[in-house]
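Now for the letters of each chain:
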Amino acid sequence: MLFGALGVAANVIIYQQKSGKRLLFYKLVSDVLWMSHYLCLSALSGAAIAAIGIIRETVFLNQERKWAQGKIWLLLFLILSIISAVFTWKSPFSLLPAFGSVLSVFSFWKNKPQLARILAFPISASMLTYDIFCGSYLGIANEIFTLTSATVGIFRHRKTSKV
């Protein structure tokens, strides 16, 4: 329960960031917390996607380094997101975290906070449905807060950035 509560706090902060680097940092913290939360619930699809997110954010935070610049990373994270649904399959609901992760790959690859805020809506809708399915009440609350935070972020920063 502690991991989920801390994950909610981290997610509220994510979409208020102006800098892509800071957004990615808080997303990394969030993914560590949510992976732990989903493991405690035996919600393996959610945990796998969060684990992929940890690696994804680590690479994207290092995009100024040569090893992290290739578009191969984009393809790798897309493939890993899809494969995760196969390996963690419990029901069709297992596809929802993979779908959200595919959108997240594009969202965070571009390193544009305004795009991340917009894509938060379909990502959160997918994860909200998954959280209902796996009984993650903190996950449900998190997605409601995430949608609220993304909405506030869109309005707060609408004149200062372009998608």
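First, a word on scope: everything that follows refers to the structure included in this document.

If you look at the biggest cluster of nonpolar residues, it comprises 22 residues, and the most contacted ones within it are Tyr-15, Val-59, Phe-60, Phe-77 and Phe-108. When residues of this core are traced back to their parent elements, those giving at least two are helix H2 (20-40), helix H3 (44-61), helix H4 (72-87), helix H5 (95-109) and helix H6 (113-134). Sequence-distant contacts of Phe-108, defined by excluding residues within four places in its chain, comprise Tyr-15, Leu-23, Leu-24, Lys-27, Arg-56, Glu-57, Phe-60 and Ala-116. By size, the runner-up hydrophobic cluster in this structure holds seven residues, among which are Trp-34, Ala-43, Ala-47 and Met-127.

This part covers the packing of aromatic side chains. Two measures describe an aromatic ring pair: the distance that separates the ring centres and the angle between the ring planes. Scanning the model with the defined rule gives nine aromatic pairs in all. Both rings, one in Trp-73 and one in Phe-77, keep their centres 5.8 Å apart while their planes meet at 25°; by these two values the pair is stacked. A residue pair is termed a helical-turn pair when its members lie 3 or 4 positions apart in one helix, as Trp-73 and Phe-77 do in helix H4 at four residues. The same class applies to Trp-73 as to Phe-77, namely buried. One aromatic cluster is present, formed by Trp-34, Tyr-38, Phe-93, Tyr-130 and Phe-133 through successive ring pairs.

Looking now at H2. Its 21 residues place the ends of H2 30 Å apart at the C-alpha level, agreeing with the 30 Å of an ideal helix rising 1.5 Å per residue. Every buried residue of H2 is listed here: Gly-20, Leu-23, Leu-24, Lys-27, Leu-28, Ser-30, Asp-31, Leu-33, Trp-34, Ser-36, His-37 and Tyr-38. Of the surrounding elements, those touching the buried residues of H2 are helix H1 (2-14), H3, H5, H6 and helix H7 (137-156). Where H2 begins, one side-chain oxygen reaches toward the backbone nitrogen of Lys-21, 3.2 Å away; that side chain belongs to Ser-19.

With that settled, the discussion passes to a nonpolar patch on the surface. The grouping of Ile-72, Leu-75, Ile-79, Ile-83, Val-86 and Phe-87 at the surface amounts to a nonpolar patch, some 620 Å² of accessible area in total. Within the secondary structure layout, Ile-72 lies in helix H4.

Position of Ala-116 among the secondary structure elements: in helix H6. Considering only alpha carbons, one finds Ala-116 and Trp-34, 82 residues apart in sequence, at a separation of 18 Å. Excluding anything up to four places from it in sequence, Ala-116 contacts Tyr-15, Leu-23, Ser-107 and Phe-108.

Take the pattern of salt bridges next. On inspection of all chains with the given rule, the structure shows four salt bridges. Where Lys-21 meets Glu-64, a salt bridge forms, and the shortest distance between an N and an O atom there is 2.8 Å. One end of the pair, Lys-21, is in helix H2; the other, Glu-64, is in the loop between H3 and H4, with 43 residues separating them in the sequence. Judged by relative accessible area, which is 36%, Lys-21 ranks as partly exposed. Among the charged side chains, a salt-bridge network with shared partners connects Lys-27, Asp-31, Arg-56 and Glu-57.

Rules and cut-offs
- Residues numbered from 1 in each chain as written.
- Predicted model: local features only at pLDDT ≥ 70, side-chain atom pairs only at ≥ 80, totals over all residues.
- Heavy atoms only, no water.
- Core = buried A, V, L, I, M, F, W, Y, C linked by side-chain atoms within 4.5 Å.
- Buried < 20%, exposed > 50% of the residue type's maximum accessible area, 1.4 Å probe, protein only.
- Helix = DSSP H or I, 4+ residues; strand = E, 2+ residues; numbered from the N terminus.
- Contact = heavy atoms within 4.5 Å.
- Phe/Tyr/Trp six-rings, centres within 6.5 Å; stacked < 30°, edge-to-face > 60°.
- Expected span 1.5 Å × (residues − 1).
- Polar contact = N/O pair within 3.5 Å; in protein donor to acceptor, adjacent residues only side chain to side chain.
- Patch = residues over 30% accessible without salt bridge, like charges linked within 9 Å, V, L, I, M, F, W, Y side chains within 5 Å.
- Areas by Shrake-Rupley, 256 points an atom, 1.4 Å probe, with all protein chains shown as cover.
- Salt bridge = Lys/Arg side-chain N within 4 Å of Asp/Glu carboxyl O.

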